[in-house]
Amino acid sequence: MLGFAEMMFYAEAEGLLPTRAGKINAVIRDIKNHPFPAIDMSEFEEILNHYGLSYSDLTDREIRYINASL
């Protein structure tokens, strides 16, 4: 049986929680589910905006995390 903390960790990893990490994981999920193998910057920004984020607000570490996850 999963404990509460472990369940929240998995929910955040799946992009199901409204935390910053959860939102970034949701962005990654949406990019992976995009119908084309590549997206342009405007589409990327739209996905970020959908989750209340913007490219200019992302840290270098977050950008590296997104790139490494794709």
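Everything below is about the structure shown above.
Structure report, in brief. (Residues numbered from 1 in each chain as written. Predicted model: local features only at pLDDT ≥ 70, side-chain atom pairs only at ≥ 80, totals over all residues. Heavy atoms only, no water.)

1. Digging into the overall build of the protein chain
Convention followed: Runs of H or I in DSSP of at least four residues are treated as helices and runs of E of at least two as strands, each being numbered from the N terminus. Burial here depends on accessible area, computed with a 1.4 Å probe over protein chains only, as a share of the maximum for the residue type. Under 20% is buried, over 50% is exposed, and the range in between is partly exposed. Should any heavy atoms of two residues lie within 4.5 Å, those residues are counted as being in contact. Accessible surface is estimated by sampling points in the Shrake-Rupley manner with a 1.4 Å probe; for residues, cover comes only from the protein chains shown. Note on charges: Lys and Arg go in the positive column, Asp and Glu in the negative column, and His and the chain ends are not counted at all. Lysine's charge is taken at NZ, arginine's at CZ, aspartate's at CG and glutamate's at CD.
Assigned secondary structure in the protein chain consists of four helices and zero strands. Written out in order from the N terminus, the α and β elements of the protein chain read α-α-α-α. In terms of overall dimensions, the protein chain has a C-alpha envelope of 40 × 25 × 20 Å along the principal axes. With 70 residues in all, the protein chain has 29% of them scored as buried. Looking at the protein chain alone, contacts between residues at least 24 apart form 38% of all its contacts between residues at least 6 apart. As displayed, the protein chain has an accessible area near 5000 Å², and 59% of this comes from carbon and sulfur atoms. One finds the centroid of the 6 positive side-chain charges in the protein chain at a distance of 6 Å from the centroid of its 11 negative side-chain charges.

2. Quick notes on helix α2 (residues 20-32)
Note the threshold: Take the number of residues in a helix, subtract one, and multiply by 1.5 Å to get its expected span.
The terminal C-alpha atoms of α2, which comprises 13 residues, lie 19 Å apart, in line with the 18 Å expected from a rise of 1.5 Å per residue. For α2, the complete set of buried residues consists of Gly22, Ile24, Asn25, Ala26, Val27, Ile28 and Ile31. Among the structural elements, α1 (4-13), α3 (41-50) and α4 (60-69) are those in contact with the buried residues of α2.

3. Side note on the nonpolar core
The condition is simple: What is meant by a nonpolar core is a set of buried Ala, Val, Leu, Ile, Met, Phe, Trp, Tyr and Cys residues, joined one to another through side-chain atoms within 4.5 Å.
Among the nonpolar cores identified, the biggest contains 13 residues, and Ile24, Val27, Ile31, Phe44, Leu48, Leu58 and Ile66 are the most heavily contacted of them. Listing elements by their share of this core, those giving two or more residues are α2, α3 and α4. In terms of residues, this core owes the most to one element, α2, which gives five residues. Sequence-distant contacts of Ile24, that is, excluding residues within four places in its chain, are made with Leu53, Leu58, Glu62, Tyr65 and Ile66.

4. Thoughts on α4
Residues three or four positions apart in an α-helix share a direction because the helix packs 3.6 residues into each turn. Heads up, the condition is: Working definition: the arc comes from the directions between the helix axis and the C-beta atoms, pointing outward to the latter.
When we look at burial in α4, the residues that qualify are Glu62, Ile63 and Ile66. Angular distribution of buried residues about the axis of α4 spans 100°; they occupy a single face of the element. Turned more than 90 degrees away from the buried face of α4 sit Asp60, Arg61, Arg64 and Ala68, all of them exposed. Elements in contact with the buried residues of α4: α2 and α3.

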